[in-house]
Amino acid sequence: MTYAETPPTEAELEELVNDLNYEIWMFHELATIELPEVGPISEGGAVVNAVIEAILVHCRCLMDFFGNSPKKDDVVAGHFVPDWDPVKDGGAELAWLEEHLGVVIDKRVAHLTAYRQRVPKEETAELVMDVF
(Lines give C-alpha, C1' and ligand atoms only; values in the text may rest on other atoms or scores of the structure.)
Protein backbone atom coordinates (compact mmCIF):
# COMPACT_ATOMS: atom_id res chain seq x y z
CA MET A 1 0.00 0.00 0.00
CA THR A 2 1.08 3.59 -0.60
CA TYR A 3 1.07 6.39 1.96
CA ALA A 4 -2.27 7.64 0.58
CA GLU A 5 -3.91 4.22 0.96
CA THR A 6 -2.87 3.37 4.50
CA PRO A 7 -5.29 4.26 7.33
CA PRO A 8 -3.93 6.58 10.03
CA THR A 9 -2.24 5.01 13.04
CA GLU A 10 -3.09 5.90 16.63
CA ALA A 11 0.14 7.90 16.91
CA GLU A 12 -0.70 9.82 13.74
CA LEU A 13 -4.22 10.54 14.98
CA GLU A 14 -2.79 12.10 18.14
CA GLU A 15 -0.79 14.51 15.98
CA LEU A 16 -3.63 15.06 13.50
CA VAL A 17 -5.78 16.60 16.24
CA ASN A 18 -3.68 19.73 15.64
CA ASP A 19 -4.70 19.70 11.97
CA LEU A 20 -8.35 19.28 12.92
CA ASN A 21 -8.11 22.19 15.34
CA TYR A 22 -6.51 24.28 12.58
CA GLU A 23 -9.33 23.48 10.13
CA ILE A 24 -11.98 24.44 12.68
CA TRP A 25 -10.11 27.61 13.66
CA MET A 26 -9.53 28.71 10.05
CA PHE A 27 -13.12 28.04 9.07
CA HIS A 28 -14.40 30.06 12.02
CA GLU A 29 -11.98 32.93 11.49
CA LEU A 30 -12.69 33.20 7.77
CA ALA A 31 -16.47 32.78 8.09
CA THR A 32 -16.69 35.67 10.55
CA ILE A 33 -14.89 38.18 8.32
CA GLU A 34 -17.25 40.88 7.15
CA LEU A 35 -16.62 41.11 3.43
CA PRO A 36 -17.51 44.08 1.25
CA GLU A 37 -19.75 43.41 -1.73
CA VAL A 38 -17.44 43.67 -4.72
CA GLY A 39 -17.32 41.84 -8.01
CA PRO A 40 -14.38 39.75 -9.23
CA ILE A 41 -13.11 42.55 -11.48
CA SER A 42 -13.73 45.32 -8.96
CA GLU A 43 -11.02 46.75 -6.76
CA GLY A 44 -10.53 44.27 -3.91
CA GLY A 45 -12.47 41.55 -5.75
CA ALA A 46 -9.55 39.13 -5.81
CA VAL A 47 -9.09 39.34 -2.03
CA VAL A 48 -12.81 38.85 -1.39
CA ASN A 49 -12.94 35.89 -3.77
CA ALA A 50 -9.83 34.36 -2.17
CA VAL A 51 -11.41 34.58 1.29
CA ILE A 52 -14.68 33.03 0.06
CA GLU A 53 -12.82 30.22 -1.71
CA ALA A 54 -10.71 29.56 1.41
CA ILE A 55 -13.90 29.35 3.50
CA LEU A 56 -15.30 26.78 1.08
CA VAL A 57 -12.13 24.68 1.10
CA HIS A 58 -12.05 24.53 4.92
CA CYS A 59 -15.81 23.88 4.96
CA ARG A 60 -15.36 20.94 2.59
CA CYS A 61 -12.59 19.52 4.75
CA LEU A 62 -14.82 19.64 7.84
CA MET A 63 -17.82 18.24 5.95
CA ASP A 64 -15.68 15.26 4.97
CA PHE A 65 -14.40 14.88 8.54
CA PHE A 66 -17.82 14.90 10.21
CA GLY A 67 -19.90 13.35 7.43
CA ASN A 68 -17.90 10.50 5.94
CA SER A 69 -16.75 7.02 6.79
CA PRO A 70 -12.98 6.54 6.58
CA LYS A 71 -11.51 5.81 3.16
CA LYS A 72 -7.84 5.06 2.67
CA ASP A 73 -5.87 7.62 4.73
CA ASP A 74 -8.81 9.96 5.45
CA VAL A 75 -9.19 11.12 9.03
CA VAL A 76 -12.82 11.27 10.14
CA ALA A 77 -14.78 11.80 13.34
CA GLY A 78 -15.14 8.03 13.75
CA HIS A 79 -11.42 7.77 14.46
CA PHE A 80 -11.91 9.86 17.60
CA VAL A 81 -15.45 8.83 18.55
CA PRO A 82 -15.68 5.09 17.81
CA ASP A 83 -19.49 4.93 17.67
CA TRP A 84 -19.75 8.05 15.45
CA ASP A 85 -22.37 7.56 12.77
CA PRO A 86 -22.00 10.11 9.94
CA VAL A 87 -25.69 9.82 9.04
CA LYS A 88 -27.11 9.91 12.57
CA ASP A 89 -24.54 12.19 14.21
CA GLY A 90 -23.81 14.37 11.18
CA GLY A 91 -27.41 14.21 10.20
CA ALA A 92 -29.56 16.87 8.65
CA GLU A 93 -27.08 19.70 9.06
CA LEU A 94 -24.38 17.95 7.02
CA ALA A 95 -26.88 16.76 4.41
CA TRP A 96 -28.09 20.35 4.08
CA LEU A 97 -24.54 21.65 3.72
CA GLU A 98 -23.68 18.97 1.19
CA GLU A 99 -26.77 19.83 -0.82
CA HIS A 100 -26.08 23.57 -0.77
CA LEU A 101 -22.31 23.71 -0.87
CA GLY A 102 -21.15 20.48 -2.49
CA VAL A 103 -21.79 21.74 -5.99
CA VAL A 104 -20.42 25.18 -5.21
CA ILE A 105 -17.21 23.76 -3.79
CA ASP A 106 -16.68 20.98 -6.31
CA LYS A 107 -17.94 22.59 -9.48
CA ARG A 108 -17.06 26.23 -8.91
CA VAL A 109 -13.91 26.13 -6.76
CA ALA A 110 -12.09 22.80 -6.92
CA HIS A 111 -12.65 21.84 -10.56
CA LEU A 112 -12.73 23.71 -13.86
CA THR A 113 -16.03 22.45 -15.28
CA ALA A 114 -18.71 23.51 -17.75
CA TYR A 115 -21.03 23.87 -14.75
CA ARG A 116 -19.54 27.31 -14.20
CA GLN A 117 -21.13 28.48 -17.45
CA ARG A 118 -24.22 26.27 -17.52
CA VAL A 119 -25.65 27.27 -14.16
CA PRO A 120 -25.85 30.97 -13.30
CA LYS A 121 -24.07 31.80 -10.03
CA GLU A 122 -27.30 33.25 -8.65
CA GLU A 123 -28.89 29.77 -8.73
CA THR A 124 -26.28 28.20 -6.44
CA ALA A 125 -25.15 31.23 -4.47
CA GLU A 126 -25.83 31.64 -0.77
CA LEU A 127 -24.44 34.27 1.54
CA VAL A 128 -21.81 32.58 3.66
CA MET A 129 -23.20 33.89 6.93
CA ASP A 130 -26.72 32.74 5.94
CA VAL A 131 -25.38 29.21 5.54
CA PHE A 132 -23.69 29.20 8.95
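To be clear, the structure that these remarks concern was listed above.
The shown structure was predicted, so the numbers you read here are calculated from the model rather than taken from an experiment.

(A) Main features of the packing of aromatic side chains. Applying the stated criterion across every chain yields a total of 4 aromatic pairs. Relative to Phe-66, the ring of Phe-65 lies with its centre 4.8 Å away and its plane at 85°, an arrangement referred to as edge-to-face. Judged by its relative accessible area of 29%, Phe-66 falls in the partly exposed class. For the ring pair Phe-66 and Trp-84, a centre distance of 6.0 Å and an interplane angle of 50° mean the geometry is tilted. Of this pair, Phe-66 sits in helix 2 (residues 45-67) while Trp-84 sits in the loop between helix 3 (77-80) and helix 4 (86-110), and the two are 18 residues apart along the sequence. Classification of Trp-84 by relative accessible area gives partly exposed; the value is 23%. By way of ring pairs, the aromatic residues Phe-65, Phe-66, Phe-80 and Trp-84 are connected into one cluster.

(B) Just a negative patch on the surface, in detail. Taken together, Glu-5, Glu-12, Asp-73 and Asp-74 make up a surface patch of like negative charges. With a relative accessible area of 41%, Glu-12 lands in the partly exposed category.

(C) Focus on the packing of helix 1 (residues 10-31) against helix 2. Packing of helix 1 against helix 2 leaves a shortest axis separation of 9 Å and a crossing angle of 140°. On the basis of their axis angle, the class for helix 1 and helix 2 is oblique. When the axes of helix 1 and helix 2 are compared, the crossing they make is left-handed. Taken together, the residues of helix 2 that come into contact with helix 1 (itself represented by Leu-20, Tyr-22, Glu-23, Ile-24, Met-26, Phe-27, Leu-30 and Ala-31) are Val-51, Ala-54, Ile-55, His-58, Cys-59, Cys-61, Leu-62 and Phe-65. A class-by-class count of the residues in the contact of helix 1 with helix 2 yields 14 nonpolar, 1 polar and 1 charged.

Calculation notes
All chains use their own residue numbering, which begins from 1 and follows the written sequence. Only residues with pLDDT of 70 or above have their local features reported here, since the model is predicted, and side-chain atom pairs are shown and tallied only from 80 upward, although totals for entire chains, interfaces and linings are computed over all residues. Only hydrogens and water are removed before side-chain values are computed, so all heavy atoms of the structure are retained for them. Pairing of aromatic side chains requires ring centres within 6.5 Å, counting the rings of Phe and Tyr and the six-membered ring of Trp. Pairs whose planes differ by under 30 degrees are stacked, by over 60 edge-to-face, and all others tilted. Only protein chains enter the calculation, and the probe is 1.4 Å; a residue is then buried if its accessible area is under 20% of its type maximum, exposed if over 50%, and partly exposed in between. Here a strand is any run of E in DSSP of at least two residues, a helix any run of H or I of at least four, and the numbering for each starts at the N terminus. Residues enter patches when their relative accessible area tops 30% and they take part in no salt bridge; the joining distance is 9 Å for like charges and 5 Å for the nonpolar side chains Val, Leu, Ile, Met, Phe, Trp and Tyr. In short, Shrake-Rupley with a 1.4 Å probe defines the accessible areas, and a residue's cover is counted only from the protein chains shown. Every case where a carboxyl oxygen of Asp or Glu lies within 4 Å of a side-chain nitrogen of Lys or Arg is listed as a salt bridge. For this count, His and the chain ends are skipped, Lys and Arg are scored as positive, and Asp and Glu as negative. A charge is said to be at NZ when it belongs to Lys, at CZ for Arg, at CG for Asp and at CD for Glu. Lines fitted to the C-alpha atoms define the axes, with helices restricted to the stretch that makes contact. Angles between their N-to-C directions range from 0 to 180 degrees. We call two directions roughly parallel when the angle between them is under 35 degrees, roughly antiparallel when it is over 145, roughly perpendicular when it lies between 65 and 115, and oblique otherwise. In this scheme the handedness of a crossing depends on how the near helix is turned from the far one: anticlockwise by less than a right angle means left-handed, clockwise means right-handed. We call two residues contacting when some pair of their heavy atoms lies within 4.5 Å. In the scheme used here, Gly and all other residues not listed as nonpolar or charged are polar, with Ala, Val, Leu, Ile, Met, Phe, Trp, Tyr, Cys and Pro taken as nonpolar and Asp, Glu, Lys and Arg as charged.

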